[in-house]
Amino acid sequence: MRLTCSIKFSKSAAQKNGGDDTVSQAPSSSPSSNPGTYSASQLKSRGVFLKPIWEPPSLTKKMPSPETFRLTKDLVEKRVKDNIIIVTFGNYAFMDFILTWVKHLTDLGLSNLLVGAMDTKLLETLYWKGIPVFDMGSHMSTVDVGWGSPTFHKMGREKVVLIDAILPFGYELLMCDTDMVWLKNPLPYFARFPEADVLTSTDQVVPTVVDDRLDLWQQVSGAFNIGIFHWRPTDSSKKLAKEWKKMLLADEKIWDQNGFNDIVRKQLGPSVDDESGLVYGYDGNLKLGLLPASIFCSGHTYFVQAIPQQFKLEPYAVHTTFQYAGTVGKRHRLREAMVFYDPPEYYNSPDRRIPFLAHLSIVVLPHHWQEAPLLLWGNVFDKAYVCLQFTPLCQLQEPSTAIVVLVVVVLYYNEKLRGFLSFKPSIPKSLLLDGEHNVESHFTVVNHQIKQIRTALAIASLLKRTLAQHHHNRSNNHHDEGNYENFQKHVRQENMPVVVVQNLVRCPCRSGFKVLPGGCDGVLASIMVMPPIWCRLDRLWFGHPGILEGTVTRQPFICPLDHVFEVDQCVETLVNVMLQDMSEQEFGPKIDIREYSFLDNPSLPKQVKESWLDVHLCQVGSKDCLLSNSSSTSGVVRLPRHSSEETLEKLFSSFKDVKVINFLSVHDAFLGFADKARERKFRNRVKRYVGIWCCVMDHTPGHIYYDMYWDEKSGWKPVPPQKPEDDHPPF
């Protein structure tokens, strides 16, 4: 006998909206809902009804047929405004980038946008979020493909095909990569150049203008970057798109951007006129404009040179180029600039109940029970019904009148966010400003900061996890061997069949936890808020004199985290090496991080900002340098210098509900690990956090490794590897 049950789920809105959502709710802004170039009466006569972006379809609706999402002129026409359509595309791995891209545009009042979905998962998720989406028919993987990979180049070809498909519709096209954000409405700027067939961004790093004119084409040596460009549906642009597509489809080794540069530069010049800044390119008829890199920014002009700030200009866009950490580096840079949109949990993670083991019970049910309800304890999931299909045990005397069911009672542990740990770095003025800006002075100031970061990471590691006795709350109906009566009572209340437990297997609790009456409680560590890192030299892929000649990079400057720390070694969850799930057995407790601007972000909730404790270091034996929580009411606590593990854990156990613990200094805050095994694991972890600086001139290789424990090596000097066997990270 076999029993087949139907599966019934009480889905949450998030499940119906496409599954694991990066942003679980629509942004709080009220974006423009202008549906296009038609009046309301015209739209009505056409039978078109467009909902505002971010307004999801009714949950009672079914997913429309695939034909609905096919790219057609009619689909594009519904979104066009002032004859312009703004387009990006990607796969599900870039979902959070796409949501950020859309959010910036709708905040600017722009609704004439479309997103091309390269996989079904992205298409369905965007649809249920109320974002205009079309199917690119790519059937691509949902994971991050990595820059330069064959699939990455395939995505580039999709862009060219897309441009060639949309231009014949007769609309202006603003094509964008997903790893850029709009900071200001660019459409009025493009309208200043009505004669331009194509306006493109560039990788120019040396400014050619100091205002908002187009870059001077005669002085631009950087590549034309196709991450941001505007096309008008002219004969010249259509001809260019077709030839570009033909070139790429004929040779899969050609990178789309290189192909564009090769074609457009076949003939470059003369200027179209004396005023506009446009130049003839391609076949001598195409009118091309180079968007100024000072306001249509690259990763270098925005994050390193800070040109808009220096020239007092309003940037229109930032594209996350010129960085060293792949997708996670792009995300982190946008977070540093406070222009990336994260869900509320990123700023104040709520307590969560995490299932991690189960009681297993063999249960005999009457044959007439066609559906076997399964209660998931602690409301970890929505109430669900589970289909069970298997043959009953042979020893049952009457198999025709009974079935055997496996009942799983899930245990959980309470995951509680301890809060955020930050510190105020201390850097002597002489390390920043004295002497020449060279490799030695650069490493001196960076190493000084690395040492402080190491101390803060150690403190965060110590506060990683504590175990707290969780008093049983009967309303939670948690099950253990001591409250089986409550368990059966709850079974009856839920209209479940009265079960007969033939065997109960108690699994051992996960290492590091204890089974308590209410489950297992785990308290996460303070999340480390990284400080701003000051650099005296730029980082590039090649040898250079410190900063590029002609650039306006200030020295010193706050450099992006990926200039110093290693954030490009990713795991399947697409988090950087400082966040990845390295084995705790080998590397000790995981230490989460946040960007240096985190506590200044307007998205940080009020309850986090107002739950703040400053830690002031004091000298042992001095007045008031006593371990006590009596000063907590003033928001300040005193901690003796050279505190031990025991002292730190004892003090901060009193402040487990404080959201932000801020050290006014970490210099000499921690004496060191007493547990040598714990220290070894910590060292194994943080040694992998730092990366390289690149590169000295006239030496191969020219990179120099940062070392988290540089101060323990007598005579350490910042020099590149002298022999091939020396060319490895210091661990």
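Residues numbered from 1 in each chain as written. Predicted model: local features only at pLDDT ≥ 70, side-chain atom pairs only at ≥ 80, totals over all residues. Heavy atoms only, no water.

(A) Here's a closer look at the overall build of the chain. Scanning the chain from N- to C-terminus turns up 19 helices and 26 strands. For the chain, the proportion of its 731 residues judged to be buried stands at 52%. Accessible surface, the chain: about 33,500 Å² in total, of which carbon and sulfur atoms supply 52%. (Helix = DSSP H or I, 4+ residues; strand = E, 2+ residues; numbered from the N terminus. Buried < 20%, exposed > 50% of the residue type's maximum accessible area, 1.4 Å probe, protein only. Areas by Shrake-Rupley, 256 points an atom, 1.4 Å probe, with all protein chains shown as cover.)

(B) Quick peek at the pattern of salt bridges. Tallied over the full model, the rule gives 26 salt bridges. Note that Asp212 and Arg192 form a salt bridge whose closest N and O atoms lie 3.0 Å from each other. Here the residue Asp212 occupies a position in the loop between β7 (198-202) and β8 (224-231), and Arg192 occupies one in the loop between α7 (187-191) and β7, the gap between them amounting to 20 residues. We classify Asp212 as partly exposed; its relative accessible area is 32%. By relative accessible area, which is 40% here, Arg192 ends up partly exposed. A cluster of three or more residues bridged by salt bridges with shared partners is formed by Lys676, Glu679, Arg683 and Glu712. (Salt bridge = Lys/Arg side-chain N within 4 Å of Asp/Glu carboxyl O.)

(C) Spotlight on the nonpolar core. In terms of nonpolar packing, the biggest core is built from 60 residues, with Leu457, Met528, Val564, Phe565, Phe652, Phe663 and Met708 touching the most fellow members. The element that contributes the greatest number of residues to this core is helix α14 (residues 439-462), accounting for twelve residues. For Val564, the contacting residues outside a window of four places in its chain are Val446, Ile450, Ile533, Cys535, Cys559, Val690, Gly691, Ile692 and Tyr706. Formed by 42 residues, the second largest nonpolar core is a distinct cluster that contains Val133, Met180, Phe296 and Leu313. (Core = buried A, V, L, I, M, F, W, Y, C linked by side-chain atoms within 4.5 Å. Contact = heavy atoms within 4.5 Å.)

(D) Expanded view of helix α9 (residues 256-264). When you tally the buried positions in α9, you get seven out of nine residues, the bulk of the element. Every buried residue of α9 is listed here: Asp256, Gln257, Gly259, Phe260, Asn261, Ile263 and Val264.

(E) Expanded view of the state of the cysteines. Following the criterion strictly, the structure yields three disulfides and no others. Disulfide partner of Cys535: Cys559, at an S-S distance of 2.0 Å. The disulfide joining Cys535 to Cys559 has a torsion of about 45° about its S-S bond and is therefore right-handed. Residue Cys535 is found in strand β19 (residues 533-535), and its partner Cys559 is found in strand β20 (residues 557-559); the two are separated by 24 residues along the sequence. (Disulfide = S-S within 2.5 Å.)

(F) A look at the pairing of strand β5 (residues 172-176). Most of β5 is tucked away, with five of its five residues classed as buried. Side-chain alternation along β5 places Glu172, Leu174 and Cys176 on one buried face and Leu173 and Met175 on a second face that is also buried. By the bridge criterion, four bridges tie strand β2 (residues 84-90) to β5 in an arrangement that is parallel. Considered in β5, the bridge of Val87 is made with Met175. Relative to β8, β5 is paired through four bridges, and the arrangement is antiparallel. Within β8, the position partnered with Cys176 by the bridge is Ile228. (Pairing = 2+ DSSP bridges.)

(G) Main features of the side chain of Asp96. Within the secondary structure, Asp96 is located in helix α4 (residues 95-107). Looking at Asp96, the relative accessible area reads 10%, which means it is buried. A polar side-chain atom of Asp96 sits 2.7 Å from a polar atom in the side chain of Arg331. (Polar contact = N/O pair within 3.5 Å; in protein donor to acceptor, adjacent residues only side chain to side chain.)

(H) Focus on the packing of helix α8 (residues 235-250) against α9. At their nearest, the axes of α8 and α9 sit 10 Å apart, and the two run at 130° to each other. Taken as axis vectors, α8 and α9 run oblique relative to one another. Handedness of the α8/α9 crossing: right-handed. Between α8 and α9, the residues in contact are Leu240, Glu243, Trp244, Met247 and Leu248 and Asp256, Gly259, Phe260, Ile263 and Val264, respectively. Its residues assigned to classes, the contact of α8 with α9 shows seven nonpolar, one polar and two charged. (Axes fitted to C-alpha atoms, helices over the stretch in contact; angles between N-to-C directions. Parallel < 35°, antiparallel > 145°, perpendicular 65-115°, else oblique. Left-handed = near helix turned anticlockwise from the far one by under 90°. Nonpolar A, V, L, I, M, F, W, Y, C, P; charged D, E, K, R; others polar.)

(I) Quick peek at the packing of aromatic side chains. Under the defined criterion, the tally for this structure stands at 29 aromatic pairs. Relative to Trp244, the ring of Trp231 lies with its centre 6.2 Å away and its plane at 5°, an arrangement referred to as stacked. Of this pair, Trp231 sits in strand β8 while Trp244 sits in helix α8, and the two are 13 residues apart along the sequence. Side by side, Trp231 and Trp244 carry an identical accessibility label, which is buried. Aromatic rings pair up to connect Trp182, Tyr189, Phe190, Phe193, Phe296 and Tyr316 into one cluster. Arg265 extends its terminal NZ or CZ atom over the ring of Phe224, reaching a point 4.0 Å from the ring centre. The ring of Tyr346 is capped by Arg594, whose NZ or CZ atom sits 4.1 Å from the centre of that ring. (Phe/Tyr/Trp six-rings, centres within 6.5 Å; stacked < 30°, edge-to-face > 60°. Lys NZ or Arg CZ within 6 Å of the ring centre and 35° of its normal.)

(J) Region of the structure containing the environment of Asp179. Within the element layout of this structure, Asp179 appears in the loop between β5 and β6 (180-182). In this structure the C-alpha to C-alpha distance between Asp179 and Phe97, which are 82 residues apart in sequence, comes to 6.2 Å. Discounting residues that sit within four places of it in the chain, Asp179 has contacts with Phe97, Val318, His319, Thr320 and Lys330. Within polar-contact distance, the side chain of Asp179 engages the side chain of His319 at 2.9 Å.

(K) Broad picture of the sheet that holds strand β12 (residues 317-319). Spatially, the three strands line up as an open sheet ordered β6-β12-β11, and their pairing is mixed. With one partner strand each, in any of the chains shown, β6 and β11 (296-297) form the two edges of the open sheet. Both β11 and β12 contribute to a ladder of two bridges, which runs parallel. Bridge pairing in β12 places Phe296 opposite Ala317.

(L) Layout of α8. Between its terminal C-alpha atoms α8 stretches 23 Å, which fits the 22 Å expected from 16 residues at 1.5 Å a residue. Here α8 has its buried residues at Ser236, Ser237, Leu240, Ala241, Trp244 and Leu248. For α8, the angular spread of buried residues about the axis comes to 135°, placing them on one side. α8 presents Asp235, Lys246, Leu249 and Ala250 as exposed residues on the side facing more than 90 degrees away from its buried surface. (Expected span 1.5 Å × (residues − 1). Arc of directions from axis to C-beta.)

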